[in-house]
Amino acid sequence: MATAALAMPLSTTPPTTTKRRPRLPLATASGLLALLSEPDPTLVQHALTKLLSVVDTLWHEVAEALPDLEAIAEGGAVGSGAASGEAEIMDQDGGDNDVMADIDTPPVVVFDTLTRQTAAALASRVFFHLEEPRQALRLALESGNEYFNVVKPKDEDEAYVERLVNAAIGEYVKKRRGEFDSASAGGAVKDEEEEEEEELDMDKLQSVVHLMFERCYQDGQYGHALGVAFEAMEKDKVAEILQRLLLSSSTDGGSEAESNVVSTLKYALQSAQTLITSKNFRVEALTLVASTLEQLVQAKNGDYSSNTTKEAACTLVLCRQILGDAGAVGTIITSLIDANEVQKEGGDDNDDDTALLGLQLCFDIVDSGDEAFVTK
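No experiment lies behind these values; they were computed from the predicted model shown.

1. Some words on the overall build of the protein chain
Part 1 of the argument: Looking only at helices and strands, the protein chain has 20 helices and zero strands in total.
Part 2 of the argument: Within the span of the protein chain, comprising 376 residues, buried residues form 37% of the whole.
Part 3 of the argument: Taking as baseline every contact in the protein chain between residues at least 6 positions apart, the subset at least 24 positions apart corresponds to 68%.
Part 4 of the argument: When the accessible surface of the protein chain is split by element, carbon and sulfur atoms take 51% of a total near 21800 Å².

2. Remarks on the confidence of the model for the protein chain
Part 1 of the argument: Considering every residue of the protein chain, the mean pLDDT works out to 80; 75% of them sit at 70 or more.
Part 2 of the argument: Here residues 98-102 is modelled with pLDDT under 50, and outside its nearest four sequence neighbours on either side it reaches four contacts, counting other chains as well.

3. So, the pattern of salt bridges
Part 1 of the argument: All chains considered together, the criterion is met by 13 salt bridges.
Part 2 of the argument: Residue glutamate 70 is joined to arginine 138 by a salt bridge in which the shortest nitrogen-to-oxygen separation is 3.0 Å. Remark: arginine 138 occurs in helix α8 (residues 133-143) and glutamate 70 occurs in helix α4 (residues 66-73); sequence separation between them is 68 residues. Both residues of the pair, glutamate 70 and arginine 138, belong to the buried class.
Part 3 of the argument: A salt bridge links aspartate 157 to arginine 125, with the shortest nitrogen-to-oxygen separation between them at 2.5 Å. Here the residue aspartate 157 occupies a position in the loop between α8 and α9 (158-185), and arginine 125 occupies one in helix α7 (residues 113-129), the gap between them amounting to 32 residues. The burial state of aspartate 157 is the same as that of arginine 125; both residues are buried.
Part 4 of the argument: One network of salt bridges, in which partners are shared, links Asp56, Arg125 and Asp157.

4. Some words on α7
Part 1 of the argument: Taking 1.5 Å of rise per residue, 17 residues should cover 24 Å, and α7 covers 25 Å from first to last C-alpha, within 8% of that figure.
Part 2 of the argument: Phi for glutamate 131, located one or two positions after α7, is positive at around 60°.

5. Some words on helix α12 (residues 222-232)
Part 1 of the argument: Most of α12 sits inside the fold, with nine of its 11 residues counted as buried.
Part 2 of the argument: Along α12, the residues classified as buried are Tyr222, Gly223, Ala225, Leu226, Gly227, Val228, Ala229, Phe230 and Ala232.
Part 3 of the argument: Downstream of α12 by a residue or two, methionine 233 has a phi angle that is positive, lying close to 55°.

6. Some remarks on the environment of leucine 137
Part 1 of the argument: The residue leucine 137 is located in helix α8 in this model.
Part 2 of the argument: When near neighbours in sequence (up to four residues on either side) are disregarded, leucine 137 contacts Leu164, Ala167, Ala168, Glu171, Leu200 and Leu205.

7. What to know about the environment of valine 208
Part 1 of the argument: The topology assignment puts valine 208 in helix α11 (residues 202-219).
Part 2 of the argument: We classify valine 208 as buried; its relative accessible area is 5%.
Part 3 of the argument: Residue contacts for valine 208: discarding those within four places in its chain leaves Leu141, Phe148, Val150, Val165 and Ala168.

8. Remarks on unusual backbone geometry
Part 1 of the argument: Unlike most non-glycine residues, glutamate 131 shows phi in positive territory, near 60°.
Part 2 of the argument: Note that glutamate 131 resides in the loop between α7 and α8.
Part 3 of the argument: On the accessibility criterion, glutamate 131 (70% relative accessible area) is exposed.
Part 4 of the argument: Of note, the phi angle at methionine 233 is positive, near 55°, even though the residue is not glycine.
Part 5 of the argument: The topology assignment puts methionine 233 in the loop between α12 and α13 (235-252).

9. Details of a nonpolar patch on the surface
Part 1 of the argument: A cluster of nonpolar side chains, namely Ile337, Leu356, Leu359 and Phe363, defines an oily patch on the protein surface of about 380 Å² accessible area.
Part 2 of the argument: In terms of residue count, the dominant contributor to the nonpolar patch is helix α19 (residues 350-367) (three residues).
Part 3 of the argument: Structurally, isoleucine 337 is set in helix α17 (residues 326-337).

10. Remarks on empty space enclosed by the protein
Part 1 of the argument: Considering all chains together, one arrives at one cavity of 30 Å³ or more under this definition.
Part 2 of the argument: Volume-wise, the largest cavity comes out at about 40 Å³.
Part 3 of the argument: Lining the largest cavity, in full, are Glu258, Leu296, Val297, Lys300, Thr308, Thr309 and Ala312.
Part 4 of the argument: Sorting the residues of the lining of the largest cavity by element identifies α15 (279-298) and α16 (307-323) as the ones contributing at least two each.

11. What to know about the packing of aromatic side chains
Part 1 of the argument: A complete count under the given rule lists three aromatic pairs for this structure.
Part 2 of the argument: Ring geometry for phenylalanine 128 versus tyrosine 160: centroids 5.4 Å apart, planes at 90°, classification edge-to-face. Note that phenylalanine 128 is positioned in helix α7 and tyrosine 160 in helix α9, a separation of 32 residues in sequence.
Part 3 of the argument: For the ring pair phenylalanine 148 and tyrosine 160, a centre distance of 6.3 Å and an interplane angle of 75° mean the geometry is edge-to-face. In this pair, phenylalanine 148 sits in the loop between α8 and α9 while tyrosine 160 sits in helix α9, placing the two residues 12 residues apart along the sequence. Here phenylalanine 148 and tyrosine 160 have matching classes, each one buried.
Part 4 of the argument: Among the aromatic side chains, those forming a connected cluster through ring pairs are Phe128, Phe148 and Tyr160.
Part 5 of the argument: A cation over an aromatic ring shows up here: arginine 125 above the ring of tyrosine 160, its NZ or CZ 4.1 Å from the ring centre.

12. Things to note about the packing of α16 against α17
Packed helices, taken two at a time, are described by the angle between their axes plus the distance between the axes.
Part 1 of the argument: Direction vectors running N to C along α16 and α17 enclose 160°, while the axes themselves pass 9 Å from each other. The orientation of α16 relative to α17 falls into the category roughly antiparallel. The chirality of how α16 crosses α17 is left-handed. Across the interface between the two elements, Ala313, Leu316, Val317, Arg320 and Gln321 of α16 pack against Ala328, Val329, Ile332 and Leu336 of α17.
Part 2 of the argument: Each residue belonging to the contact of α16 with α17 can be placed in one class, and the counts come to seven nonpolar, one polar and one charged.

Here is what the cut-offs are and how they apply
Residues numbered from 1 in each chain as written. Predicted model: local features only at pLDDT ≥ 70, side-chain atom pairs only at ≥ 80, totals over all residues. Heavy atoms only, no water. Helix = DSSP H or I, 4+ residues; strand = E, 2+ residues; numbered from the N terminus. Buried < 20%, exposed > 50% of the residue type's maximum accessible area, 1.4 Å probe, protein only. Contact = heavy atoms within 4.5 Å. Areas by Shrake-Rupley, 256 points an atom, 1.4 Å probe, with all protein chains shown as cover. pLDDT = per-residue confidence, 0-100. Salt bridge = Lys/Arg side-chain N within 4 Å of Asp/Glu carboxyl O. Expected span 1.5 Å × (residues − 1). Patch = residues over 30% accessible without salt bridge, like charges linked within 9 Å, V, L, I, M, F, W, Y side chains within 5 Å. 1 Å grid on protein atoms, 1.4 Å probe; cavity = no way out; pocket = protein on both sides within 12 Å on 5 of 7 lines; lining within 4 Å. Points joined across faces, edges and corners; volume = space filled by probe spheres on them. Phe/Tyr/Trp six-rings, centres within 6.5 Å; stacked < 30°, edge-to-face > 60°. Lys NZ or Arg CZ within 6 Å of the ring centre and 35° of its normal. Axes fitted to C-alpha atoms, helices over the stretch in contact; angles between N-to-C directions. Parallel < 35°, antiparallel > 145°, perpendicular 65-115°, else oblique. Left-handed = near helix turned anticlockwise from the far one by under 90°. Nonpolar A, V, L, I, M, F, W, Y, C, P; charged D, E, K, R; others polar.

Here it is as structure tokens:
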């Protein structure tokens, strides 16, 4: 019996383990908000980091601490403004200096750059939820790239970043147009919102917009980038975008890439006529578009066999007509009519189609009613 007892298998029941309960979401931010008035910068930084992780759900509570958050973002101590104001009032009323010396003033707290940026990011989030994008943008510009990443935002930050980027574009376009109008008028042009607009740093706004351009390049959204550059009246950026557009077609290769380039240039031609209010800048922008189309057509060495090249030639004719360049239009149409010398080796009828396209463009120009251009 003893041997049988020893031979019995051991129990295979796994030992019981105590499972940790999942941490419940924070129900209130009052405890963390109280830490913002602590004299220890480490505690303040801890509170700001924790608040930033729950601000999307508890923003209505955090909103009550906006003055403190902005004070930290600017490098000041929480509550120091009230104490200094009280002391100043007593001084003006002729209060005794000994009494003023007895007033307890809060200790001066020096916050590092990370703490100030975290406070700015937290306040920006609150203004975002309060649907005040301009104030949210003002603080986001102070929060740094870690909290306001324009090029590669986190999934949970995408709506926040997109809203503030759109606000930055609007403010930047407004400032650029104001500068353009001021230069055209030969002096400063002031409006009712000039003092408010001075709160936003132009260099930081420009940095956000230029980062947005880089993001457009990565995503192939050249049309969107051109629209912003047209509205902001930035000639250098228009030229840069068009060159990057051409470079993308040569890098990707294929007829589809060329077709996308031509479609974008057609959009640029239409947008330049509708978005640009200044006649001088419109001429500069259309000249850049025409130059890009010429590079695209000339790269084919007179071969108009593809529909994409024909479409580019037609768009170029329209662009040069708008610019009033009759000589360039005549050269393009002549090259279309004489294209059979290049294409007849294929033994198809593409040469006849190209010649007919050139003749059709002549009729279209006459039917446009621009008699001054036709008689040039």
